[in-house]
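# Analysis of the macromolecular model
Each chain, written out:
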Amino acid sequence: GSITLQGTNITDSGKSGLSFSRSDSVNVSAIGSTIRGAGSRAIYMADVHGSWIELIDVHIEGANKDGIYVTRSTGNVSMTVNGTQIANCSRSGIALSRGAASTDVAIASSEISGMDDNGI
């Protein structure tokens, strides 16, 4: 399945702004959108395989944990971040955990600032 956000604002979610788990071929495209004030992670992907996420001119701010969190991805997960700002999250801007070896990340013309833990 896929989800496309264009010019969309997601604010003050109790947990994640966008959350995907236990799915294959989940594709996310966010263009000119904002995810602000997530109670946990702005974008959470777990147990996803053969999936991609593309963030173009996206603003992620103030997540209570990580801006983007990918975990337990066992194959072919790619992330493209372009012209995007990730700011003031309580943990990491982008976190890859358990299966990071199978995740490809490309970042261009972006800013990651004000994390309490790691930028990436």
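Reading the values: the criteria
Residues numbered from 1 in each chain as written. Predicted model: local features only at pLDDT ≥ 70, side-chain atom pairs only at ≥ 80, totals over all residues. Heavy atoms only, no water. Pairing = 2+ DSSP bridges. Helix = DSSP H or I, 4+ residues; strand = E, 2+ residues; numbered from the N terminus. Axes fitted to C-alpha atoms, helices over the stretch in contact; angles between N-to-C directions. Contact = heavy atoms within 4.5 Å. Salt bridge = Lys/Arg side-chain N within 4 Å of Asp/Glu carboxyl O. Buried < 20%, exposed > 50% of the residue type's maximum accessible area, 1.4 Å probe, protein only.

## Quick notes on the sheet that holds strand β3 (residues 18-24)
Pairing in this open sheet of four strands is parallel, and the strands run β3-β6-β9-β12 from one edge to the other. Edge positions in the sheet fall to β3 and β12 (94-97), since each has one partner strand and no second. Pairs of neighbouring strands in the sheet enclose a mean axial angle of 10°, with direction left out of account. Pairing geometry for strand β6 (residues 43-49) and strand β9 (residues 68-71), over four bridges, is parallel. Directly across from Y44, in β9, lies its bridge partner Y69.

## Overview of the environment of D24
Relative to the assigned elements, D24 resides in strand β3. Separated by 51 residues in the primary sequence, D24 and G75 have C-alpha atoms spaced 9.8 Å apart. Non-local contacts of D24, meaning those with residues more than four positions away in its chain, are made with H49 and S51.

## Section: the pattern of salt bridges
One pass over the full model with this rule turns up three salt bridges. With its nearest N and O atoms 3.7 Å apart, the salt bridge here joins E61 to R36. Placement of E61 in strand β8 (residues 59-61) and of R36 in strand β5 (residues 34-36) is noted, with a sequence separation of 25 residues between them. By relative accessible area, E61 is classed as partly exposed at 24%. The partner of D66 in a salt bridge is R41, and the shortest N-O contact between them spans 2.9 Å. Taken together, the residues span a long stretch of sequence, with D66 in the loop between β8 and β9 and R41 in the loop between β5 and β6 at a distance of 25 residues.

That is the geometry; function is a separate question.
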